[in-house]
Amino acid sequence: MQLKKLNSVLFPVRYNDKYYADVLASGEFTKLAYYSDICVGSIACRLEKKEGGAVRVYIMTLGVLAPYRGIGIGTTLLNHVLDLCGKQGIGEIYLHVQTNNEDAINFYKKFGFEITETIQNYYTNITPPDCYVVTKYIGQPEVKK
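Residues numbered from 1 in each chain as written. Predicted model: local features only at pLDDT ≥ 70, side-chain atom pairs only at ≥ 80, totals over all residues. Heavy atoms only, no water.

- As named in an unreviewed UniProt entry, the protein is N-acetyltransferase domain-containing protein, taken from Ambrosia artemisiifolia.

Looking at the overall build of the protein
Logical step 1: Counting its secondary structure elements, the protein contains four helices and six strands.
Logical step 2: Listing the helices and strands of the protein from first to last along the sequence gives α-α-β-β-β-α-β-α-β-β.
Logical step 3: Taken over the C-alpha trace, the protein has a radius of gyration of 15 Å; the compact-globule value for 145 residues is 15 Å, and the two agree within 12%.
Logical step 4: Here the C-alpha coordinates of the protein stretch approximately 50 × 40 × 30 Å along the principal axes. (Helix = DSSP H or I, 4+ residues; strand = E, 2+ residues; numbered from the N terminus. Rg over C-alpha atoms; globule rule 2.2 N^0.38 Å.)

Regarding the side chain of Thr 61
Logical step 1: Residue position: Thr 61 is located in strand S3 (residues 55–64).
Logical step 2: Among the residues examined, Thr 61 registers a relative accessible area of 2% and is labelled buried.
Logical step 3: Side-chain polar atoms of Thr 61 contact the side chain of Tyr 19, separated by 2.7 Å.
Logical step 4: Ignoring any residue separated from it by four or fewer positions in sequence, one finds Thr 61 in contact with Asn 7, Phe 11, Tyr 15, Tyr 19, Ser 42, Ile 43 and Ala 44. (Buried < 20%, exposed > 50% of the residue type's maximum accessible area, 1.4 Å probe, protein only. Polar contact = N/O pair within 3.5 Å; in protein donor to acceptor, adjacent residues only side chain to side chain. Contact = heavy atoms within 4.5 Å.)

Here's the deal with the packing of aromatic side chains
Logical step 1: A full pass over the atoms with the stated rule returns nine aromatic pairs.
Logical step 2: Relative to Phe 113, the ring of Tyr 108 lies with its centre 5.2 Å away and its plane at 70°, an arrangement referred to as edge-to-face.
Logical step 3: For Tyr 108, a relative accessible area of 5% puts it in the buried group.
Logical step 4: Exposure remark for Phe 113: the relative accessible area of 2% places this residue in the buried category.
Logical step 5: Sitting over the face of the ring of Tyr 20, Lys 4 holds its NZ or CZ atom 5.1 Å from the ring centroid. (Phe/Tyr/Trp six-rings, centres within 6.5 Å; stacked < 30°, edge-to-face > 60°. Lys NZ or Arg CZ within 6 Å of the ring centre and 35° of its normal.)

Section: helix H4 (residues 102–110)
Logical step 1: For H4, the full list of buried residues reads Ala 104, Ile 105, Phe 107 and Tyr 108. The arc that holds every buried residue of H4, seen down its axis, measures 160°, which confines them to one face. Exposed positions of H4 whose direction lies more than 90 degrees from the buried face are Glu 102, Asp 103 and Lys 110.
Logical step 2: Those residues of H4 that are buried are in contact with S3, helix H3 (73–87), strand S4 (92–98), strand S5 (114–119) and strand S6 (131–137).
Logical step 3: With its phi angle positive at about 90°, Gly 112 sits one or two positions after the end of H4. (Arc of directions from axis to C-beta.)

Comments concerning unusual backbone geometry
Logical step 1: Of note, the amide linkage connecting Thr 127 to Pro 128 takes the cis form, showing an omega dihedral of -5°.
Logical step 2: With respect to the helices, strands and loops of the structure, Pro 128 is situated in the loop between S5 and S6.
Logical step 3: One non-glycine residue, Asp 37, adopts positive backbone phi at about 65°.
Logical step 4: The class for Asp 37 is exposed, based on a relative accessible area of 76%.
Logical step 5: The phi angle at Asn 121 is positive, at roughly 55°, despite the residue not being glycine.
Logical step 6: Assignment of secondary structure puts Asn 121 in the loop between S5 and S6.
Logical step 7: Of the residues examined, Asn 121 reaches a relative accessible area of 57% and is grouped as exposed.

Right under this line is the structure:
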């Protein structure tokens, strides 16, 4: 319920029951962030199986309430998921970002994400409707002999 309230404030779209089912199924890949006992941010991911059986992570949402931005909460949430990917040998993590959301694009680029695709008319009820697919490929740890 905390996540639903947060999302209603943070994002211009409403999320359906499948989103919340994916959140519950993702375990440690979804986290809420608290500041002085107030829920101020979250990251919610979905694990996806690719052809060949490899798993990749899709960041469905990452957001922090405006008064709490710039103090490292989003960074902590994203680093948590990146660390999990590394520990579990997951080599790819990606998300969709609205093309005019320069703050988000710059945030993800700081972590080594790159724009890998542009999708026209991805969003139905917001302007602009286009998005970028932003992807980070995580190097597999070397096996020490």
